[in-house]
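Residue-level structural notes
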Amino acid sequence: QVQLVESGGDLVESGGSLRLSCVVSGLDYFPIGWFRQAPGKEREGVSCINDSDGLTYYSDSVKGRFTISRDDAKNTVYLQMNNLEVNDPGIYYCATKPGQHSCLNWRTNYDSWGQGTQVTVSS
């Protein structure tokens, strides 16, 4: 059974940093996408990383501030979030496409999701 577990969400000041983790079980290989959803807003894609070649993708709003990476020995994908801003808070989810190696069409077609971890940014 595929499971994804996020952790690392916290309350931080504007300009601060957090590192989120997504631990995956039940898959030999997997791309991982990060999404977020703020109250009253639709869920949006943040980033994705391929399993096949490590290629990464970012939304324009986080590019240059967030970095996605993976540690295959730990079946873990990280999202390093620097210089957090007022538009960054929300529930952050990781997701994957079982049976796939890449993030092709990276904002769509994720079949397995984690439970989410909350990120809060104070002024």
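Our structure's up above, just so we're on the same page.
Here's a quick rundown of the structure. Note that this is a predicted model, so its numbers are computed, not measured.

This paragraph deals with the side chain of Arg65. You can see Arg65 is positioned in the loop between strand E6 (56-58) and strand E7 (66-71). At a separation of 3.0 Å, a polar atom in the side chain of Arg65 contacts the main-chain carbonyl oxygen of Asn83. A polar contact of 2.7 Å, which involves the side chain of Arg65, links it to the side chain of Asp88.

Glancing now at the side chain of Asn50. The residue Asn50 is located in the loop between strand E5 (44-49) and E6 in this model. At 2.6 Å, the side chain of Asn50 forms a polar contact with the backbone nitrogen of Cys103. With residues up to four places along the chain from it excluded, the contact list for Asn50 reads Pro31, Leu55, Tyr57, Arg70, His101, Ser102 and Cys103.

Another aspect to go through is the state of the cysteines. Within this structure, the stated rule accounts for two disulfides. Disulfide partner of Cys22: Cys94, at an S-S distance of 2.1 Å. Between Cys22 and Cys94, the S-S dihedral sits near 75°, and the bridge is therefore right-handed. Taken together, the positions of Cys22 in strand E3 (residues 18-25) and Cys94 in strand E9 (residues 90-96) put the pair 72 residues apart, joining distant regions of the chain. The exposure classification of Cys22 matches that of Cys94, with both residues buried. What pairs with Cys48 in a disulfide is Cys103, and their sulfur atoms sit 2.0 Å apart. Torsion about the S-S bond of the Cys48 and Cys103 cystine: about -85°, corresponding to left-handed handedness.

What follows covers the pairing of E9. The buried count for E9 comes to six of seven residues, which makes it a mostly enclosed element. Pairing geometry for strand E4 (residues 32-37) and E9, over six bridges, is antiparallel. Along E9, the bridge assignment pairs Trp34 with Cys94. As judged from the two bridges shared by E9 and strand E10 (residues 112-113), these two strands associate in the antiparallel manner. Bridge assignment links Thr96 to a residue of E10, and that residue is Ser112.

Counted under the stated rule, the structure contains six salt bridges. Note that Asp88 and Arg65 form a salt bridge whose closest N and O atoms lie 2.7 Å from each other. Of the two residues, Asp88 is situated in the loop between strand E8 (76-81) and E9 and Arg65 in the loop between E6 and E7; the sequence distance between them amounts to 23 residues. The burial state of Asp88 is the same as that of Arg65; both residues are buried. The salt bridge partner of Asp72 is Arg70, with a shortest N-O separation of 2.8 Å. Salt bridges sharing partners connect three or more residues here, namely Arg36, Glu44, Arg65, Glu85 and Asp88.

Reading the values: rules and limits
Residues numbered from 1 in each chain as written. Predicted model: local features only at pLDDT ≥ 70, side-chain atom pairs only at ≥ 80, totals over all residues. Heavy atoms only, no water. Helix = DSSP H or I, 4+ residues; strand = E, 2+ residues; numbered from the N terminus. Polar contact = N/O pair within 3.5 Å; in protein donor to acceptor, adjacent residues only side chain to side chain. Contact = heavy atoms within 4.5 Å. Disulfide = S-S within 2.5 Å. Buried < 20%, exposed > 50% of the residue type's maximum accessible area, 1.4 Å probe, protein only. Pairing = 2+ DSSP bridges. Salt bridge = Lys/Arg side-chain N within 4 Å of Asp/Glu carboxyl O.

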